[in-house]
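One letter stands for each residue in the lines below.
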Amino acid sequence: MSQQLPQNRHRADGSTRLDSYVDRYAARTQGMTASEIRALFSVASRPEVVSLAGGMPNISGLPLDVVGEAISDLVANRGSTAMQYGSGQGDPRLREQICDVMRLEGIEAHPDDVVVTVGSQQAVDLVTRIFCDPGDVVICEAPSYVGALGVFKAYQCDVVHVEMDEHGLVPSALREAIAHVQASGRRIKFVYTIPNYHNPAGVTLAAERRPEILEICREADVLVLEDNPYGLLGFDEEPHRALRADEADGVIYLGSFSKTFAPGFRVGWALAPHAVREKLVLAQESATLCPPSFSQMAVSAYLEKHDWLGQIKQFREMYRERRDAMVRALDDMMPPAARWNVPTGGFYVWLTLPDGLDAKAMLPRAVTARVAFVPGTAFFADGFGAQSMRLSYCYPTPERIREGVRRLVGVIEEEVELRHTFGTGLGAAPTPGLNRGYDGPTTDLT
Ligand SMILES: Cc1ncc(COP(=O)(O)O)c(C=O)c1O
């Protein structure tokens, strides 16, 4: 029997569609679009380019011998369990250990309220899946994590951004946004927030704002989705108290081993009020049957056998050195009209360009000058952010970071010069090699 192929490959005008299945996709796929800047990153990942774009954790300091030993021990002694299906909620021993990890941020939780997920990315997906119908509102910081915005878009949510400043989400702006949306009759499903070492803004929610944010959400009967993958990566400070530590009913907390151990295991979690946890497990079962047993047991063995807190300390020192290199280079070289923050942890600096410059338009020229960043527009659902960019310092060496900033400053100075001469910004210039070859993982956008 011959397979029936879609008949709409050719249009009436004789032109050919790139995707002949286009009329068959569900409406929700309209929100699933490849980033406009994705093609550039295939060029940006070449070794001659200093990438200040990627958010990949730098795991070169991990003791691979220790991890290898733990894994071979796991295969030898518990291989038939590790390679079998497991519980939809996740490995019970790992869930206990996750509770120990969260205790560092003041959270007292029961392992029964934890659901293990495939990275915290899947937790964002599952939470959105169980709460959001098309048109429901999700409130996000401005800017916000691109991977979460992608999920909200895929579930056809309306994202409403709320202002942040150097102390994180601004409570009065949140109150106003909630009141405004509710007055318009639309339903807010949750406030999505990254309180610590924000991706991409690099800021941390001030301690005195935390109870206020919780109070605003409690009063308005709006859930908080607290996404905290960087919380243990502060440079000179103890972990901040989680929002969830002071509010068990109104907060769903997300955590991850991607930044504190290794992202390749894809192990994260959600801690949720009991009823929500039950729904999350059902959603997890329908998505994956269960999170991968092998990964969970490997993470569990690592936590059991290794000084993981000592390892996190090493990571923090390594990232602090890189943060210092970036901030020093920015201080030394950036034109005074540019502004940036000094993060106290995490991976990212948010830089705002001199007036009139457009980061996205500048990116092809920057890549030609062999430096890459992520333009601010990637972190907004509504097209804002053109004057800003995210610079990550997590991966390159301090020397490469300084060189990257030097190249970036060269590009910015040229743009400023051209603007003075012609009184306007330039459009995007074509970059040789774009759109060719590898269009692989979008890890530059984590
Ligand atoms: C704020 C934030 N949330 C969630 C994730 C997803 O991380 P993972 O799925 O690896 O746990 C990331 C990754 O960069 C992130 O920055």
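For the structure itself, look to the data block above.
Along each chain, residues carry numbers from 1 onward, in the same order as the chain's sequence is written. Local features in a predicted model are, by the rule used here, given only for residues with pLDDT of at least 70; side-chain atom pairs are given and counted only at 80 or more, and totals for whole chains, interfaces and linings are based on all residues. With hydrogens and water stripped out, all remaining heavy atoms of the structure feed into the side-chain values.

(A) Main features of the overall build of the protein. From N to C terminus, the protein includes twelve helices and 14 strands. Throughout, a contact is declared for two residues whenever any of their heavy atoms are within 4.5 Å. Here the contacts in the protein between residues at least 6 apart in sequence split such that 76% fall between residues at least 24 apart. Each accessible area value is a Shrake-Rupley result obtained with a 1.4 Å probe; residue values ignore everything except the protein chains displayed when judging cover. Approximately 20,200 Å² of the protein is accessible, and the part contributed by carbon and sulfur atoms is 52%. Each helix is a run of DSSP H or I of at least 4 residues and each strand a run of E of at least 2, with the numbering of both proceeding from the N terminus.

(B) Geometry of the sheet that holds strand β13 (residues 374–375). When DSSP finds at least two bridges between two strands, those strands are taken to pair. Strand order in the open sheet formed by four strands is β10-β11-β14-β13, with antiparallel pairing between adjacent strands. The open sheet has two edge strands with one neighbour each: β10 (339–340) and β13. Relative to strand β14 (residues 388–392), β13 runs antiparallel, the two sharing two bridges. Within the sheet, the bridge partner assigned to Pro375 lies in β14 and is Met389.

(C) Geometry of the environment of Leu351. By secondary structure assignment, the location of Leu351 is in strand β11 (residues 348–352). A simple rule labels every residue: compare its accessible area, found with a 1.4 Å probe on the protein chains alone, to the largest value its type can have, and call it buried under 20%, exposed over 50%, or partly exposed in between. Assessed through its relative accessible area of 0%, Leu351 is described here as buried. Spatially, the C-alpha atoms of Leu351 and Pro375 are 9.7 Å apart, while their sequence positions differ by 24 residues.

(D) Here's a closer look at the nonpolar core. Nine residue types can take part in a nonpolar core, namely buried Ala, Val, Leu, Ile, Met, Phe, Trp, Tyr and Cys, and a core is a set of them joined through side-chain atoms within 4.5 Å. Core analysis: the largest hydrophobic core is formed by 82 residues, its most contacted members being Met102, Phe257 and Leu391. Top contributing element to this core by residue count: helix α10 (residues 308–333), with nine residues. Membership of the second largest hydrophobic core comes to 28 residues, among which are Cys140, Tyr145, Ala148 and Val276.

(E) Structural detail: helix α4 (residues 119–131). In this model α4 runs 19 Å from its N-terminal to its C-terminal C-alpha over 13 residues, within 8% of the 18 Å that 1.5 Å per residue would give. Listed as buried for α4 are Gly119, Ser120, Gln122, Ala123, Val124, Asp125, Leu126, Val127 and Thr128. To estimate the expected span of a helix, count its residues, drop one, and scale the result by 1.5 Å.

(F) Representation of the site of the ligand. Throughout, near means a residue has at least one heavy atom within 4 Å of the molecule or strand. Surrounding the ligand, one finds 14 residues, the nearest of these being Asp227, Tyr230, Ser256, Ser258 and Lys259. Any pair of nitrogen or oxygen atoms within 3.5 Å is treated as a polar contact; in protein, a donor-acceptor pairing is required on top of that, and neighbouring residues in sequence qualify only through side-chain atoms on both sides. In this structure, a nitrogen atom belonging to the ligand sits 2.6 Å away from a side-chain N or O atom of Asp227. A distance of 2.8 Å separates an oxygen atom of the ligand from a polar side-chain atom of Arg266. The protein chains hide 97% of the 400 Å² of surface that the ligand would expose on its own. With three residues, α4 is the single largest residue contributor to the shell around the ligand.

(G) Spotlight on the pattern of salt bridges. Criterion for a salt bridge: a side-chain nitrogen of Lys or Arg within 4 Å of a carboxyl oxygen of Asp or Glu. For the structure on display, the rule yields 23 salt bridges. Notably, a salt bridge pairs Arg323 with Asp324, separated by 2.9 Å at the nearest N-O pair. Residue Asp324 is classed as partly exposed on the basis of its relative accessible area of 28%. Connected through shared salt-bridge partners, Asp133, Asp136, Arg187 and Lys189 make up one network.

(H) Fine view of the sheet that holds strand β9 (residues 267–271). Taken together, the eight strands give an open sheet; going across it, the order is β2-β9-β8-β7-β6-β3-β4-β5, and neighbouring strands pair in mixed fashion. Each edge of the open sheet carries a strand with a single partner, namely β2 (114–118) and β5 (168–169). Where β2 meets β9, five bridges bridge the pair, whose relative direction is antiparallel. When the sheet's bridge partners are listed, Val114 is paired in β9 with Leu271. Together, β2, β8 (251–256) and β9 form the strand contacts of helix α3 (residues 92–103), whose direction differs from that of β2 by roughly 100°. Only C-alpha atoms enter the line fits that serve as axes; for helices the fit covers just the stretch in contact. Angles between N-to-C directions range over 0 to 180 degrees. α4 rests against β2, β6 (188–193), β7 (223–227), β8 and β9 of the sheet, and its axis sits at about 115° to β2.

Just geometry here; none of it tells us what the structure is for.
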